[in-house]
Amino acid sequence: MNDKVVSNILRLIFLVALQVLIFNNVNFSGYINPYIYVIFILMLPFDIPGWLLLVSAFFVGLMIDIFSNTLGMHTAASLFMAFCRPGILKVLSTGKESETDLRPNVYDMGLYRFTLYALILISIHHLSYFYIETFRLSEFFRTFFRALLSILFTTLVVVLSQYAFSKGKTK
Amino acid sequence: MRNLIIFIGKHHFVLLFIILEIISFSLIINNSFYQQLVFLSATNEMTGKVNNTVSNITGYLNLKETNRQLAEENARLRSSTMSSFIKTSDSIFIINDTLYRQQYRYVEAKVIKNSFNKRNNYLMLNKGSDQGVGKEMAVITSNGIVGIVNEVSKNFSSVMSVLHKDTKISAMIKKNKYKGTIVWNENDYKTGNLIDIEPHVKFAVGDTVITSGNSHIFPEGIFIGTVKSFSIKPGDNFYSIKINFSTDFNRIEYVYVVKNFYKEEQLKLLNTQKNE
């Protein structure tokens, strides 16, 4: 358990630094803003209690907000994403997640299910973030297009990062 | 009471979600009010230092371009000094300092954080109240306008970019002095909008747009951009004009913060007007 806590805190610090220092400066053609810090919420263990899930999401959102001058926006979006996470996991579950040593990653979930899981939650996060940021309906389709491009890019980065950083269990 | 506790225990996930979501939305809504100012000044010092370090590193990569811009500006300034003019008349000039009093002072600052791809963009500068930067001062580059200072801490300041949904800057078409307002409703950091120009005004694509000097923030005549396209919908009272910004918001590195020495006086007069 302690091991899990430490590794998740390290991941939090690493992802916030990566987001603030590098990915906040990435802009392809003025449209694509990848928010890769959502990996943190995606990869919290299956058996995390509900309140801790929400509090962690609130905290990571707030940290990103403080560094990118968007007070409350990332917080609201990542909270909503964390709120939807248990429901999405239930839909995609195979019944084996109760085994505590399984983690939500490519190796334990399989490429197809993990990509679907990431895509749905990232869409929820990005759509809510972009609409909160714009805050007006007159730019509905333009905002949707911006969100869509970023969703695809973030999902790509998230899935690729799975192969780059986390190791499968050696059997 | 017991039922209430059972209810809370049963639905704690949803309840906690709602409470935290309310907190974050109140943060967003209070964004323009006092609470946020207090919060931001406290954190500006901290995040400012982080951003400063990042900017020190990335600054090296842009040295060449920055040098070129500085050299260009130096050349322009040098060509406008007295020594670069040949005296053509022998009549005596009397330079009387009481005729001209300095109204604007320019503080040079470095951009340590810049964003241009969001709906509302901010910049952070490495100068703050200790270096004479204050709220509601104009920020410009040698190429054009950048934004308005919205928050200062001791050594850093935060600038609301022109690329922000709440920024409105008084502007005019240079050749005929008709005044309008610059807003940003585009997704593109290269284009902005000029509104409030009436249908009888004559202008063409490529015309220069400059600041009007109607506000107490921007000096008159700062370059904003050129007209890219314009149209008028039937029934509309105003043109909708797109302009190309002269500032390249992607590559701002050094800026000038403009202090207006007569701002208080202007504002005071404005307030008495309103009161009457």
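What comes next concerns the included structure. No experiment lies behind these values; they were computed from the predicted model shown.

Let us look at the interface of chain A and chain B. Facing the 23 residues of chain A at the interface are 24 residues of chain B. Elements with a minimum of two residues in the side of chain A that touches chain B: α3 (50–68), α4 (73–92), α6 (111–134) and α7 (140–165) of chain A. Looking at the side of chain A that touches chain B element by element, the count peaks at six residues for α3(A).

Residues and elements named next belong to chain B. An order of β1-β2-β5-β4-β3-β12 is seen for the six strands of this closed barrel, with the pairing classed as antiparallel. Going across the sheet, the axis of each strand differs from the next one's by a mean of 45°, ignoring polarity. Inspection of the sheet shows strand β2 (residues 122–125) paired to strand β5 (residues 157–161) by four bridges, in the antiparallel sense. Within the sheet, the bridge partner assigned to Met-124 lies in β5 and is Ser-158.

Core analysis: the biggest nonpolar cluster contains 46 residues, and B:Leu125, B:Val139, B:Val146, B:Val159, B:Ile224 and B:Val255 have the highest contact counts within it. The element best represented in this core is strand β4 (residues 145–152) of chain B, accounting for five residues. Setting aside residues up to four positions removed in sequence, B:Val146 forms contacts with B:Leu123, B:Val139, B:Ile140, B:Thr141, B:Val159, B:Ser161, B:Val162, B:Thr247, B:Ile252 and B:Val255. Grouped together as the second largest cluster of nonpolar side chains are 43 residues, A:Val38, A:Phe40, A:Val60 and B:Phe17 included.

Residues and elements named next belong to chain A. Where helix α1 (residues 2–21) contacts α3, the two axes come as close as 10 Å, and the packing angle between them is 30°. Judged by the inter-axis angle, α1 sits roughly parallel to α3. Crossing angle aside, the handedness with which α1 passes α3 is right-handed. Here Leu-12, Val-16, Gln-19 and Val-20 of α1 lie close against α3, whose contacting residues are Val-60, Met-63, Ile-64, Phe-67 and Ser-68. Taken together, the residues of the contact of α1 with α3 break down into seven nonpolar, two polar and no charged.

Conventions and cut-offs
Residues numbered from 1 in each chain as written. Chains lettered and ligands numbered in written order. Predicted model: local features only at pLDDT ≥ 70, side-chain atom pairs only at ≥ 80, totals over all residues. Contact = placed C-beta atoms within 7 Å. Helix = DSSP H or I, 4+ residues; strand = E, 2+ residues; numbered from the N terminus. Pairing = 2+ DSSP bridges. Axes fitted to C-alpha atoms, helices over the stretch in contact; angles between N-to-C directions. Core = buried A, V, L, I, M, F, W, Y, C linked by C-beta atoms within 7 Å. Buried ≥ 20, exposed ≤ 12 C-beta atoms within 10 Å, placed from the backbone. Parallel < 35°, antiparallel > 145°, perpendicular 65-115°, else oblique. Left-handed = near helix turned anticlockwise from the far one by under 90°. Nonpolar A, V, L, I, M, F, W, Y, C, P; charged D, E, K, R; others polar.

Function cannot be inferred from these measures alone, as they are strictly geometric.
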